[in-house]
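Observations on chain architecture
Given next are the chains, with one letter for each unit.
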Amino acid sequence: MSGSAMVGDSSSWSRALTQISPYTFSAVGIAIAIGVSVLGAAWGIYITGSSLIGAAIKAPRITSKNLISVIFCEAVAIYGVIVAIILQTKLESVPTAQIYAPESLRAGYAIFASGIIVGFANLVCGLCVGIIGSSCALSDAQNSSLFVKILVIEIFGSALGLFGVIVGIIMSAQASWPSKTT
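Residues numbered from 1 in each chain as written. Predicted model: local features only at pLDDT ≥ 70, side-chain atom pairs only at ≥ 80, totals over all residues. Heavy atoms only, no water.

Some remarks on the overall build of the protein chain
Along the protein chain, the regular secondary structure elements total seven helices and zero strands. Listing the helices and strands of the protein chain from first to last along the sequence gives α-α-α-α-α-α-α. Expected size for 182 residues packed as a compact globule is a radius of gyration near 16 Å; at 22 Å, the protein chain overshoots this value by more than 25%. For the protein chain, the spread of C-alpha atoms along the three principal axes comes to 75 × 40 × 20 Å. Counting all 182 residues of the protein chain, 41% fall into the buried class. (Helix = DSSP H or I, 4+ residues; strand = E, 2+ residues; numbered from the N terminus. Rg over C-alpha atoms; globule rule 2.2 N^0.38 Å. Buried < 20%, exposed > 50% of the residue type's maximum accessible area, 1.4 Å probe, protein only.)

Re helix H7 (residues 147–172)
Every α-helix carries 3.6 residues per turn, so stepping three or four residues along brings you back to the same face. The terminal C-alpha atoms of H7, which comprises 26 residues, lie 38 Å apart, in line with the 38 Å expected from a rise of 1.5 Å per residue. The complete set of buried residues in H7 reads Phe-147, Ile-150, Leu-151, Glu-154, Gly-157, Ser-158, Ala-159, Gly-161, Gly-164, Val-165, Gly-168 and Ser-172. Turning to H7, the residues buried within the fold contact helix H4 (62–65), helix H5 (67–89) and helix H6 (102–142). (Expected span 1.5 Å × (residues − 1). Contact = heavy atoms within 4.5 Å.)

Some details on the pattern of salt bridges
Taken as a whole and assessed by the stated rule, the structure comprises two salt bridges. A salt bridge links Arg-61 to Asp-140; the shortest N-O distance between them is 3.5 Å. Here Asp-140 lies in helix H6 and Arg-61 lies in the loop between helix H3 (22–58) and H4, a separation of 79 residues in the sequence. Since its relative accessible area comes to 41%, Arg-61 is described here as partly exposed. Between Asp-140 and Lys-65 there is a salt bridge; the shortest N-O distance is 3.5 Å. (Salt bridge = Lys/Arg side-chain N within 4 Å of Asp/Glu carboxyl O.)

Some words on the UniProt feature "domain: V-ATPase proteolipid subunit C-like" (unreviewed entry) in the protein chain
The feature "domain: V-ATPase proteolipid subunit C-like" (unreviewed entry), as annotated in UniProt, sits at residues 29–87 and 112–171 in this numbering. This span, residues 29–87, is 93% helix and 0% strand, and a straight line between its end C-alpha atoms measures 9 Å. This span, residues 112–171, is 93% helix and 0% strand, and a straight line between its end C-alpha atoms measures 10 Å. (UniProt positions renumbered as here; feature names shortened; annotations may be inferred.)

Regarding a nonpolar patch on the surface
Among the surface-exposed residues, Val-124, Leu-160, Phe-163, Ile-166 and Ile-170 lie close enough to one another that they form a single nonpolar patch of about 480 Å² accessible area. For the nonpolar patch, the element with the highest residue contribution is H7, accounting for four residues. Checked against the element boundaries, Val-124 lands in helix H6. (Patch = residues over 30% accessible without salt bridge, like charges linked within 9 Å, V, L, I, M, F, W, Y side chains within 5 Å. Areas by Shrake-Rupley, 256 points an atom, 1.4 Å probe, with all protein chains shown as cover.)

In structure tokens, the structure reads:
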């Protein structure tokens with residue numbers, strides 16, 4: 001085999017994906033699930049909170065009842081924590097000889113993909129709930145009869161995070177590591 005063929009093979013994506021430990025993929029997936037979910041929650045709280053504080057200057061009565069929007073944003077972070085715990089329980093010890101077995105790679109990729117889906121679904125959910133919560137606070141300050149109507153829309157927005165959690169759990173069900181028998 002020539003030297004140039006060897007360099008091309010070692011730098012290919014397929015080789016990289018099969019040479020990185022499945023445990024590394026699993027750990028990165030778990031970290032993405034919790035980290036990006038918390039980022040989505042923080043971003044949503046930032047958007048909602050700033051509008052809530054600004055609108056409360058005109059109508060102080062809205063402060064306590066519009067905190068529900070902040071709670072919906074915080075639930076997004078909790079979704080990420082729950083899925084990270086579920087994904088962590090999927091990790092199993094595998095003998096060194098079987099660490100790169102196809103079953104191990106599939107389990108690592110399944111946990112990785114599950115973490116990505118949950119993390120980014122919750123990022124979008126946090127933004128969605130934050131923007132709707134901001135609109136809820138601003139419109140409630142103008143007209144208190146709009147609060148419940150916009151709150152219903154906010155509940156639908158928070159369902160996006162639950163959809164991500166459900167898909168992530170379904171995908172992580174594919175994570176089965178090889179048995180320890182050699």
